[in-house]
Amino acid sequence: MIDFEPQTAARKDAWIARRRDLHRHPELGFELPRTAGIVATELARLGLEVQTRIGQSGVVGLLAGELDGPTILVRADMDALPIQEENEVDYASQTPGKMHACGHDGHTTIALAVAEMLSAYRSRMAGRVKFVFQPAEELGRGAAAMIADGVLRDPVPDLALGLHLWNDSPVGTVVLADGAMMAAAGDFSIRVTGQGGHGALPHQARDPIVAASNIVVALQTITSRNLGPFDVGVVSVTEFKAGDSFNVIPATANLRGTIRAFQNEVIDLLGQGLRKIAEGVAGALGCSAEVQIDQLMIPLVNSPEVNARLRSVFAQVQPGVKLISDFRTMAAEDMSYFLDAAPGAFFFVGSANPERGLDNPHHHPRFDFDESVIPLAAELLASAVASYVIQ
Ligand SMILES: [Zn+2]
Ligand SMILES: [Zn+2]
């Protein structure tokens, strides 16, 4: 087992400086010219074979060992969020309305650090490491865009690894659950059409507001009456728009919302229930419903075998780290598409430090993490990759 600690100790200040530079200059979605440029330049400096503009603004760096072996995909996301930063630190965002509030500046820094550390071991490496820096994770579309552009070909990955900094847990914690750890997510819209009329003469109209209201109430029975008692799912109506006058019954009402579950079959069941209820209830009340459902994200599923390997590697290189295996969240992540293509693992690295006030949740305008997690997470990820390709 390689000891990466001399490298992390020597380089951690430079990595933290890089993270702060990325933090000062957040970019959104697929528009990441500065960030992708920094990533491509650094990967080239390390001697990796670099491809840019994969999935619009994604960057791929291939580190080829001198011996034959498997290809390990290491994924990091680069995009920030449309949030006005409220932190008063000298590395706060310099772009109004944009902020690295999810820690993707940390992920980009950590993956570059892993590329740097592993590139020193090329002569002992049996296999290849494909570093994938993706755009638009927050839109749920970056991974799919890179896959459509061929990121999973030439070479085809045998394994996929990734991490997320995690401010729900303190530094020194790693969360790594077997099977479905993060949810599948879909969004839906329901357009209820009735017949408009005078608010004083409801018998001459067919009221879409009353129909839509009954739909919202009836949708609550999907999780309580359509799902098995041991299956979990969420149906949330998050938008209800209808009418713009006190004495006019409008002709239409529009609902939108999200569905979540840990299995594709359960997401399908939620979608079917939603469609049946919306159309049936609207029809019973003299209206009609048009239902549109889009699945945004598939569930994120970790391989128990890869997890077992990672747990034993982490326990060897950082025996003090607390490993948590019993965990699931209804949040979704498009790392799920890489893990659907190749077995692998996605783990959360605790990044909070409550004593220093660094424990605001992800997507909060005062989100920030303890930067001591950068060398730690880089060591964990580098050690995990090395366990597959470096003897
Ligand atoms: Zn996020
Ligand atoms: Zn994130």
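Residues numbered from 1 in each chain as written. Chains lettered and ligands numbered in written order. Predicted model: local features only at pLDDT ≥ 70, side-chain atom pairs only at ≥ 80, totals over all residues. Heavy atoms only, no water.

**A closer look at the coordination of the zinc ion (ligand 2)**
Then step 1. The protein atoms that coordinate the zinc ion (ligand 2) are Cys-102 (SG), His-104 (NE2) and His-164 (NE2), at distances spanning 2.2 to 2.4 Å.
Then step 2. Donor residues for the zinc ion (ligand 2) sit on one chain with the sequence pattern C-x1-H-x59-H.
Then step 3. A gap of 3.2 Å separates the zinc ion (ligand 2) and the zinc ion (ligand 1), which Cys-102 links by coordinating each metal. Here His-164 lies in strand 5 (residues 159-170) and His-104 lies in helix 3 (residues 104-119), a separation of 60 residues in the sequence. The burial state of His-104 is the same as that of His-164; both residues are buried. (Donors = N, O, S within 2.8 Å, 3.2 Å for Na, K, Ca; no water. Helix = DSSP H or I, 4+ residues; strand = E, 2+ residues; numbered from the N terminus. Buried < 20%, exposed > 50% of the residue type's maximum accessible area, 1.4 Å probe, protein only.)

**Structural notes on the environment of Ile-374**
Then step 1. Mapped onto the fold, Ile-374 is located in helix 9 (residues 373-389).
Then step 2. A C-alpha to C-alpha distance of 18 Å links Ile-374 and Pro-361, two positions 13 residues apart in sequence.

**Some remarks on the coordination of the zinc ion (ligand 1)**
Then step 1. Bound to the zinc ion (ligand 1) are the protein donor atoms Cys-102 (SG), Glu-138 (OE), Glu-138 (OE) and His-363 (NE2), situated 2.0 to 2.7 Å from the metal.
Then step 2. The coordination sphere of the zinc ion (ligand 1) comprises four donor atoms, whose angles at the metal cover 52 to 149 degrees; the geometry is irregular.
Then step 3. Spacing between the donor residues of the zinc ion (ligand 1) along the chain follows C-x35-E-x224-H.
Then step 4. A relative accessible area of 8% places Cys-102 in the buried class.
Then step 5. Looking at Glu-138, the relative accessible area reads 24%, which means it is partly exposed. (Tetrahedral: all angles 85-135°; square planar, octahedral: opposite > 155°, others 65-115°.)

**Here we look at helix 1 (residues 5-24)**
Then step 1. The terminal C-alpha atoms of helix 1, which comprises 20 residues, lie 28 Å apart, in line with the 28 Å expected from a rise of 1.5 Å per residue.
Then step 2. Where helix 1 bends most, the angle comes to about 55 degrees, and this point is Arg-11.
Then step 3. For helix 1, the full list of buried residues reads Thr-8, Trp-15, Ile-16, Arg-18, Arg-19, Leu-22 and His-23.
Then step 4. Along its buried surface, helix 1 packs onto helix 2 (33-45), helix 3 and helix 9. (Expected span 1.5 Å × (residues − 1). Bend = angle between axes of the 7 residues up to and from the residue. Contact = heavy atoms within 4.5 Å.)

**Points about the nonpolar core**
A general feature of soluble globular proteins is that nonpolar side chains tend to end up buried together.
Then step 1. Judged by nonpolar contacts, the single largest core of 66 residues is most densely connected at Leu-118, Phe-131, Phe-133 and Leu-310.
Then step 2. Ranked by the residues each element gives to this core, the list is headed by helix 9, at 13 residues.
Then step 3. Not counting chain neighbours up to four residues away, the residues in contact with Phe-133 comprise Val-39, Leu-43, Gly-58, Val-59, Ala-76, Met-78, Thr-108, Ala-111, Leu-112 and Met-146.
Then step 4. Of all hydrophobic cores here, the second largest spans 28 residues; its members include Leu-219, Leu-255, Ala-278 and Val-291. (Core = buried A, V, L, I, M, F, W, Y, C linked by side-chain atoms within 4.5 Å.)

Any functional reading would require information beyond the geometric quantities listed.
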